[in-house]
Amino acid sequence: MSKFEFPPSIKSRPIYGTLEPRKGPAHLLIADAVGAEAIIEVATPEMMRTAHIIYIPKGTEFSEKLRALNPAQYYEGASYAASVSRIHKVLGDAKMGLQVYLAGTEGMMGQAQLEATNAGIPHSAIQLEHRGSVARRMQCVHCKGITEDVEVDPFVCSHCGLNLFVRDHYSRRIAAYQGVCIDAEDLGNVPPSKGIYE
Amino acid sequence: MTIQFNDETFRDDYSFHNSAWAIKRFPFPFHEDSYMYSVNMEQHRGGPAGSIYEKRFDVDEHYLSEMRDRAMVLADDPLRCQSLPHMTLAGWDLLELIMVSKSEDYPELFELHRDGNTWRWVNKPMGIDDTFTFLDEATLPYGPLEYITRQAQGDWCVLDQRDDNLWMDAGMVTTQADWSLDFDIGMNFFEWHAPVPLAHEKGIFVRALKFLLNIQQGSPARRLNWTMTVTPLLDTSPENYHKWGIQKTTLTPENIGQKQHLRVELQTFFRLPRSNALVFPIRAYLCSFQDLMTMPKWGRRLHRVIRDLPEELATYKGFIANRPMMLDYLSKFDDGLPTSDGIWPEFESEPPLKPSADS
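Residues numbered from 1 in each chain as written. Chains lettered and ligands numbered in written order. Predicted model: local features only at pLDDT ≥ 70, side-chain atom pairs only at ≥ 80, totals over all residues. Heavy atoms only, no water.

## Notes on the packing of helix α11 (residues 296–308) of chain B against helix α13 (residues 323–331) of chain B
All names here are of chain B.
Part 1 of the reasoning: One way to put it is that α11 packs onto α13 with a least axis distance of 9 Å and a crossing angle of 155 degrees. Between α11 and α13, the crossing angle belongs to the class labelled roughly antiparallel. Relative to α13, the crossing made by α11 is left-handed. Contact with α11, carried on its side by Leu 302, His 303, Ile 306 and Arg 307, involves Arg 323, Met 326, Leu 327, Leu 330 and Ser 331 of α13 and no other residues of that element.
Part 2 of the reasoning: Of the residues belonging to the contact of α11 with α13, the class tally is five nonpolar, two polar and two charged. (Axes fitted to C-alpha atoms, helices over the stretch in contact; angles between N-to-C directions. Helix = DSSP H or I, 4+ residues; strand = E, 2+ residues; numbered from the N terminus. Parallel < 35°, antiparallel > 145°, perpendicular 65-115°, else oblique. Left-handed = near helix turned anticlockwise from the far one by under 90°. Contact = heavy atoms within 4.5 Å. Nonpolar A, V, L, I, M, F, W, Y, C, P; charged D, E, K, R; others polar.)

Here's what the structure looks like:
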């Protein structure tokens, strides 16, 4: 129901798998919205004994179910921005062998993955599973501002106001897709917006 | 020969121009009457005297004006030059390679005096005479990559090599064909080429990467690439596309010969000694259609190449909308006669353009 099949795309576009439990001395699980379902599916009692769950509900109701998994640590953040300093600290304190599980929207996973790789976590210890909204985190190539949760193409940059089209070109370092002015060659000629995968 | 440096601009009034010498040595990129991607690599070991292939890093009449334009781009947007923290040593490697090459290849323009790690660099055209300590960043006004590439034409990508891949981890990019270093920095070879159509399916990038991973010190390689630019704008960046994109709509049948430029990149690849990084200079040469048409062979060939180019490539290279107007113009310079193999103009032996029946 909440799983979306992304169409084939170019080679810079991330692809996502399905979380699987892995052996490790500690486990960090980060999810937003219905990403909680993927955490619930992957969790094992053994994993939970050394697990830290960070959850950003975004108005969903999975708190009780996640708490019932009995992780060693549980935290609920009001937003990704509110949670990032904690994520940063946990990754900084991590010991060799930490397993990272990310589930939910592309924007959250991309940013958390960047925190993890910046902290020196090898990419082979990071798993990602997309769930829920297919909205994208977009960088305006012109003003460099980030617009979160973009659901339509084209869209208006929330910083400089240019009309941008949504590219599949993706930067892991910025954790965002690239938005490029759509009416540069014909000012004001902006096609009606539609869903990114419509 | 002594180079006479032009005083010209690549913006605003666009006073950029090519001398007869520059037109003759322009790297026309089509060796036959059609074009498709290929791994068109060859060794970069000099070339005909006076050609753009002769020296390791070609210096031409546009040098000073291009460096002035670069300084303006960097003042507007310092993100055009970036280096990830692990790439500083590669920056010193590059500084050494450029200083040694330029002082050996153009002794009348550049001098390098080395006494241990105390180096004196003299760049006569730019009026620079700096003494610094090699490998000590504090002794230069910029990092080593930025310092030397503010004095060297073309864009510079410095690629780290690890995990059997190349990573775009540093660069000076102010004259690019619509790609963003700031966005692509940190990407691997397949990721930063992701938006290119057709070439992935043809296996071009897999083969090119294999070739590049094996480039050895002292054995650089080269290839040509090309695109189209309306007006001789060097900074065709995505960052500023909302400003320059509109220029594509200003072509008319009257001004196309003067305004439409073929933009050719001489791409070279050098292994760097200490860092094992690969430096990938992308040197852009611009030539207006009307200047290209002074060579009969190029006139005939350019018409045939543009006419027969697959639609995906014309779209990717950004001239699909203007292609009909280009063909109207170019067809007047194609009388159907055969052309000789290779890229060189062969002005002496190629037959002059036959006047068409209706003119």
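Let us keep going from here.
## Re the interface of chain A and chain B
Part 1 of the reasoning: Each side of the interface is counted separately: chain A has 22 residues, and chain B has 25 residues.
Part 2 of the reasoning: Buried surface at the junction of chain A and chain B, summed over both partners, amounts to about 2,000 Å²; 60% is from carbon and sulfur atoms.
Part 3 of the reasoning: Broken down residue by residue, the surface that chain A buries against chain B is led by A:Lys11, A:Arg173 and A:Glu185, which jointly contribute 31%.
Part 4 of the reasoning: Close ionic contact of B:Glu191 with A:Arg172 constitutes a salt bridge, the shortest N to O distance being 2.5 Å.
Part 5 of the reasoning: Class assignment for the residues of the side of chain A that touches chain B results in 10 nonpolar, six polar and six charged. (Buried area = accessible area lost by both parts, 1.4 Å probe. Salt bridge = Lys/Arg side-chain N within 4 Å of Asp/Glu carboxyl O.)

## Some thoughts on the nonpolar core
Part 1 of the reasoning: If you look at the biggest cluster of nonpolar residues, it comprises 103 residues, and the most contacted ones within it are B:Leu95, B:Val158, B:Trp226, B:Leu262, B:Leu292 and B:Leu302.
Part 2 of the reasoning: A total of seven residues in this core trace back to one element, the largest contributor, which is helix α3 (residues 88–105) of chain B.
Part 3 of the reasoning: Membership of the second largest hydrophobic core comes to 21 residues, among which are A:Tyr80, A:Leu91, A:Val100 and A:Leu128. (Core = buried A, V, L, I, M, F, W, Y, C linked by side-chain atoms within 4.5 Å. Buried < 20%, exposed > 50% of the residue type's maximum accessible area, 1.4 Å probe, protein only.)

Geometric values such as these leave the question of function open.
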